[in-house]
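# What the coordinates show
In case you want the letters, here they are:
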Number of protein chains: 2
Amino acid sequence: MISTTAEYALRMMIALAEADGQPLTSEQLAHRTDVSADYAVKILQQLGRARFVRAQRGRGGGFRLACDPHEATLLDLVRVIDPLDRIMGCPLGRVEHEGRLCALHASLDRAMGVLHDELRSLSLADLMEGPGQPMCANGTPTPLTVQSTARNGSDRSN
Amino acid sequence: MISTTAEYALRMMIALAEADGQPLTSEQLAHRTDVSADYAVKILQQLGRARFVRAQRGRGGGFRLACDPHEATLLDLVRVIDPLDRIMGCPLGRVEHEGRLCALHASLDRAMGVLHDELRSLSLADLMEGPGQPMCANGTPTPLTVQSTARNGSDRSN
DNA sequence: CTTATTGAGGATGCTTTTATCTTGTTTCAG
DNA sequence: CTGAAACAAGATAAAAGCATCCTCAATAAG
């Protein structure tokens, strides 16, 4: 659904938001979010070009949040990395489907729509954990493991 | 959101559903759905192993639908190709987040949940076009072009 | 000014996904 | 039985995503 790089970006944005204005070096961010230091820099550069963070070079430098955590939505942040585009016209270029997508693409676009809505409904501030609840990642390097659910309706235990 | 291979799979399943029981060769399917013939076979094999289609070898053979178009959901079909997994436990393996995901992963899982719901709400039959409305793909090879929407609420013109 | 610190950005390599190629097996017609 | 039609499956190749490495530029301390 979203790329691993996009998840890294979200983790680092959360870490920066929790740092509350204080600059963090790429090394610190990488360690806190369990992202490799080299790759973290690359992602932070993309976030910088999108104006979500500001970088300060040299001694005492680092990265600081450059947006209001209550304003920046998950959708905004994810889309810095993943296009996550709505389907605007027939991907196959069929003229008769312009302005009126076929059932397949209309459905896929609708799915993208609900995904957009969901990701837009949450801000960076919503993802900040309280002081006692550390974010998922603080220097515990572990392999990524994810499992599958069969066919259960909705199931939002949150 | 979903891979191009998954979209190919959906296109071919629609073409098979519209063929109404009549077997279609991989060549015919590839042509109708604008997928390369070689790659189409690979995807059809995956759909066959998942029991959504049945293959008949030899002269006069081809692929036939092996499921009820009203029963097979988009979710079922897409997941033959893309895992599209819910997040069951902390992807970073943090013990304190097992059974209770952190805000980030809870949110990403919720987004995956609404995507599941949306894709599960539609069946293969829902994607079949009427006789006058040909599916998006009938031998018009054109590059895939998709565009982006800025920040517009919901926007389900469907 | 020199040096240490820190981000910027290009080059490179590894892995996964996407796509193609080649060989084999099944099936039917003649 | 032979040959053509058609799927099966492994090997290979090309492209995209993920990750690392190296050199350069900016900044601050001494």
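Presented here is an overview of the structure given in this document. (Residues numbered from 1 in each chain as written. Chains lettered and ligands numbered in written order. Predicted model: local features only at pLDDT ≥ 70, side-chain atom pairs only at ≥ 80, totals over all residues. Heavy atoms only, no water.)

### Let's talk about the protein's contact with DNA strand D
Threshold: Residues are classed as near a molecule or strand on a simple rule: at least one heavy atom within 4 Å of it. The term polar contact refers here to a pair of N or O atoms within 3.5 Å; inside protein, the definition further demands a hydrogen-donor-capable atom paired with an acceptor-capable atom, and it admits residues adjacent in sequence only when both atoms are side-chain atoms. Helix and strand assignments come from DSSP, with helices taken as H or I runs of at least 4 residues and strands as E runs of at least 2, each series counted from the N terminus. Gly falls in the polar group here, along with every residue not listed as nonpolar (Ala, Val, Leu, Ile, Met, Phe, Trp, Tyr, Cys, Pro) or charged (Asp, Glu, Lys, Arg).
Near DNA strand D there are 27 residues, and of these A:Tyr8, A:Ser36, B:Ser26, B:Lys42 and B:Arg57 occur at the shortest range. Counting only the atoms of DNA strand D that lie within 4 Å of the protein, the sugar and phosphate share comes to 66%. A distance of 3.0 Å separates a phosphate oxygen of DNA strand D from a polar atom in the side chain of A:Thr5. B:Arg57 is positioned with one of its side-chain polar atoms (N or O) 2.9 Å from a sugar or linking oxygen of DNA strand D. Counting only elements with at least two residues in the surface near DNA strand D, the list comes to helix H1 (4-19) and helix H3 (37-49) of chain A together with helix H3 (37-49), strand S1 (53-56) and strand S2 (62-65) of chain B. Among the residues forming the surface near DNA strand D, the class breakdown is five nonpolar, 14 polar and eight charged.

### Looking at the nonpolar core
Rules: The nonpolar core is taken to be a set of buried Ala, Val, Leu, Ile, Met, Phe, Trp, Tyr and Cys residues, with the residues joined through side-chain atoms within 4.5 Å. Here's how the labels work: a residue is buried when its accessible area is under 20% of the maximum for its type, exposed when over 50%, partly exposed in between, all with a 1.4 Å probe on protein chains only. Only heavy atoms matter for contacts: two residues are in contact if any of them lie within 4.5 Å across the pair.
Core analysis: the biggest nonpolar cluster contains 45 residues, and B:Leu10, B:Met13, B:Leu29 and B:Leu47 have the highest contact counts within it. Contributions of two or more residues to this core are made by helix H5 (103-120) of chain A together with helix H1 (4-19), helix H2 (26-33), H3, S2, helix H4 (74-81), helix H5 (103-120) and helix H6 (124-127) of chain B. Looking at which element gives the most residues to this core, the answer is H1(B), with eleven residues. Each residue touching B:Leu10, except ones within four places of it in the same chain, is listed here: A:Leu104, A:Leu108, B:Ile2, B:Leu74, B:Leu77 and B:Val78. With 44 residues, the next largest nonpolar core counts A:Met13, A:Ile43, A:Ala72 and A:Val78 among its residues.

### Description of unusual backbone geometry
Residue and element names in this part refer to chain B. The residue Asp-20 is not glycine, and still its phi comes out positive at about 55 degrees. Relative to the assigned elements, Asp-20 resides in the loop between H1 and H2. With relative accessibility at 68%, the residue Asp-20 sits in the exposed group. Within the chain, Arg-51 stands out as a residue other than glycine whose phi angle is a positive 65 degrees. Mapping Arg-51 onto the fold places it in the loop between H3 and S1. The class of Arg-51 is exposed, set by a relative accessible area of 67%.

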